[in-house]
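Coordinates in review
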Amino acid sequence: MVEGRKQIAILGSTGSIGTQALEVIETNSHLFEVQVLTAQNNVDLLIEQALKFKPKAVVIGKESAFNEVKEALSNQKIEVLAGAKALEEVVQYPEIDIVLTALVGYAGLLPTVKAIEAGKDIALANKETLVVAGALIMPLAEKHQVKILPVDSEHSAIFQCLVGESYEEIEKIILTASGGPFRGYTLDQLQKVTKAQALKHPNWSMGAKITIDSASLMNKGLEVIEAKWLFGLEADQVEVIVHPQSIVHSLVQFRDGSMKAQMGLPDMKLPIQYALAYPNRIDSDFPRFTFVNYPNLTFEQADANTFRNLGLAYEALKKGGNMACMLNAANEMAVDAFLKEKISFLQIAEINEFCMQHGTFIENPSLEEYVESDREVREKICKL
Ligand code: NAD
Ligand code: MG
């Protein structure tokens, strides 16, 4: 460990965000050092990353792979742990300054809570944590004086627009959405879309779950909820506009009507590096945007009726309590079933709506109640 370098834990280092974060860290090794790497299943890549970055510890989620990882790293000074509980432990190591939550889904919640309680800043890619329990996470972060630094490109855009501004001056924010591979489709056309089509995102290369969420506009719905908590807004202060080119990453409108946008070519390394280097900006050699190459930046209304998931997210947000937690659990189950080709694309939103109607509603859930609510939907409501 070198004094003066930010010490980073990456949860989900083998994924799309995790690997891009390691590229940023490697390029800026005078600023950043890795202390923890974790993966669920990808043993080979985790071992390769560990040998290269020499962290203090690695965690493999799949417990049956523990011996394989341990053996491969046996002549290194690297601690090897396994299982979900280990994530809650490693985020608390005293060396760590910042935890990048690049793991997917509800699994991000408990490690993030532990990291905040241990006083670590959070570079938050795992939007599901705020969707499930934003009402609990944001006050917890405030109590422990830790920063929640958004990595999601839209939220990074808003966050960058708000530097030097007071959040009370926000009239509304506008999240841009690419519209995904099925932009403009009718319900009839959506009946027949396949997994392969849904996995082809026009502008971003991402993990499977978020790619399906982008195709169903669930991702934008989750981002509306994420934005509410990050920036302290009401549901009607968060708008969505479809912008197929993904150049304007999002906008803020202030009380005087002035608008600020953050723009650039779509590249997740930029918001990742902004979050890690915050409050500084650092150099990058990422390709630059030029206006003449994009003479037509276009904008259109998002269709929350056809893409029912977007409408469901607003309903969950307005209802409050554990409604978004139930929506998230249902959606994780449904997307998994869609990826296994057990259900059709449109059934994802049907299942989500069913679970929101049939789960037990709780007005002001505790952490334990969020955990229980997630379990209830997965085990009792969402019969897949
Ligand atoms: P991914 O599927 O590519 O990678 C997920 C990572 O998490 C992997 O390292 C995997 O091993 C690990 N993981 C998976 N399930 C786990 C579990 N149950 N417990 C512990 N670890 C687990 O996903 P991604 O696209 O990198 O997305 C990660 C998060 O970042 C998601 O919450 C996503 O919504 C968010 N995000 C991603 C992008 C993007 O461009 N990929 C953009 C914005 C936000
Ligand atoms: Mg996003």
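Residues numbered from 1 in each chain as written. Chains lettered and ligands numbered in written order. Predicted model: local features only at pLDDT ≥ 70, side-chain atom pairs only at ≥ 80, totals over all residues.

1. Regarding the UniProt feature "domain: 1-deoxy-D-xylulose 5-phosphate reductoisomerase C-terminal" (unreviewed entry) in the protein chain
Here is the rule we go by: UniProt positions are given in the numbering used here, feature names are shortened, and annotations may be inferred rather than shown by experiment. To qualify as a helix, a DSSP run of H or I must reach at least 4 residues; to qualify as a strand, a run of E must reach at least 2; elements of each kind are numbered from the N terminus.
Following the UniProt record, the feature "domain: 1-deoxy-D-xylulose 5-phosphate reductoisomerase C-terminal" (unreviewed entry) maps to residues 148-231 here. As annotated, residues 148-231 has a helix share of 48% and a strand share of 13%, and its two end C-alpha atoms lie 11 Å apart.

2. Notes on the site of ligand 1
Spelled out, the test is: Defining nearness, a residue is near a molecule or strand when the C-beta atom obtained from its backbone falls within 6 Å of it. Side-chain classes are defined by residue name, with Ala, Val, Leu, Ile, Met, Phe, Trp, Tyr, Cys and Pro counting as nonpolar, Asp, Glu, Lys and Arg as charged, and the others, Gly among them, as polar. Either an automatic procedure or a domain database provided the assignment from which the domain bounds are taken.
Lining the immediate surroundings of ligand 1 are 26 residues, of which Gly 12, Gly 15, Ala 125, Met 206 and Gly 207 lie closest. When contributions to the shell around ligand 1 are tallied by element, the ones reaching two or more residues are helix 1 (16-27) and helix 6 (127-143). Of all the elements, helix 1 adds the most residues to the shell around ligand 1, at 3 residues. Among the residues making up the shell around ligand 1, the classes are represented as 11 nonpolar, 12 polar and 3 charged. When we break the shell around ligand 1 down by domain, the ones giving at least three residues each are domain 1 (6-146) and domain 2 (155-378).

3. Details of the UniProt feature "binding site: NADPH" (unreviewed entry) in the protein chain
Defined as follows: Contacts here follow a simple rule: the backbone-placed C-beta atoms of the two residues must lie within 7 Å. Residue burial is a threshold on neighbouring C-beta atoms within 10 Å of the residue's own C-beta, all placed from the backbone, with 20 or more meaning buried, 12 or fewer meaning exposed, and counts in between meaning partly exposed.
Taken from the UniProt record, the annotation "binding site: NADPH" (unreviewed entry) applies to Thr 14, Gly 15, Ser 16, Ile 17, Asn 42, Asn 126, Glu 128 and Gly 207. Position of Gly 15 relative to the elements: it lies in the loop between strand 1 (6-11) and helix 1. What Gly 15 contacts, discounting residues up to four positions off in sequence, is Ala 102, Val 104 and Gly 207. Mapped onto the secondary structure, Ser 16 falls in helix 1. For Ser 16, a count of 19 C-beta atoms within 10 Å gives the class partly exposed.

4. Describing the environment of Ala 107
Tracing the backbone shows Ala 107 in the loop between strand 5 (98-101) and helix 5 (109-117). Among the residues examined, Ala 107 registers 20 C-beta atoms within 10 Å and is labelled buried.

5. Some thoughts on the sheet that holds strand 9 (residues 238-242)
Where we set the bar: Strands are labelled as partners when DSSP assigns at least two bridges between them. Each axis is a line fitted through C-alpha atoms, taken for helices only over the stretch in contact, and angles between the N-to-C directions span 0 to 180 degrees.
Ordered in space as 11-10-8-9-12, the 5 strands form an open sheet in which the pairing is mixed. Among the strands making up the open sheet, the edge pair consists of strand 11 (259-263) and strand 12 (300-301). Sheet topology places strand 10 (residues 248-254) next to strand 11; 5 bridges connect them, and they run antiparallel. Across the sheet, residue Ser 250 finds its bridge partner in strand 11, namely Gln 262. In the packing of helix 7 (residues 153-161) onto the sheet, the strands contacted are strand 8 (170-177), strand 10 and strand 11, and the crossing angle to strand 10 comes to about 40°. Of the strands in this sheet, strand 8 and strand 9 touch helix 11 (residues 218-231), which is tilted by about 150° from strand 8.

6. A few points about the packing of helix 10 (residues 208-215) against helix 14 (residues 323-339)
Basically, it comes down to this: For classification purposes, an angle smaller than 35 degrees is called roughly parallel, one larger than 145 roughly antiparallel, one from 65 to 115 roughly perpendicular, and anything else oblique.
Here helix 10 crosses helix 14 at 100°, and the two axes come no closer than 10 Å. In this view, helix 10 runs roughly perpendicular relative to helix 14, as classed from their interaxial angle. Contacts from Ala 208, Lys 209, Ile 212 and Asp 213 of helix 10 reach helix 14 at Val 335, Phe 338 and Leu 339. Taken together, the residues that form the contact of helix 10 with helix 14 break down as 5 nonpolar, no polar and 2 charged.

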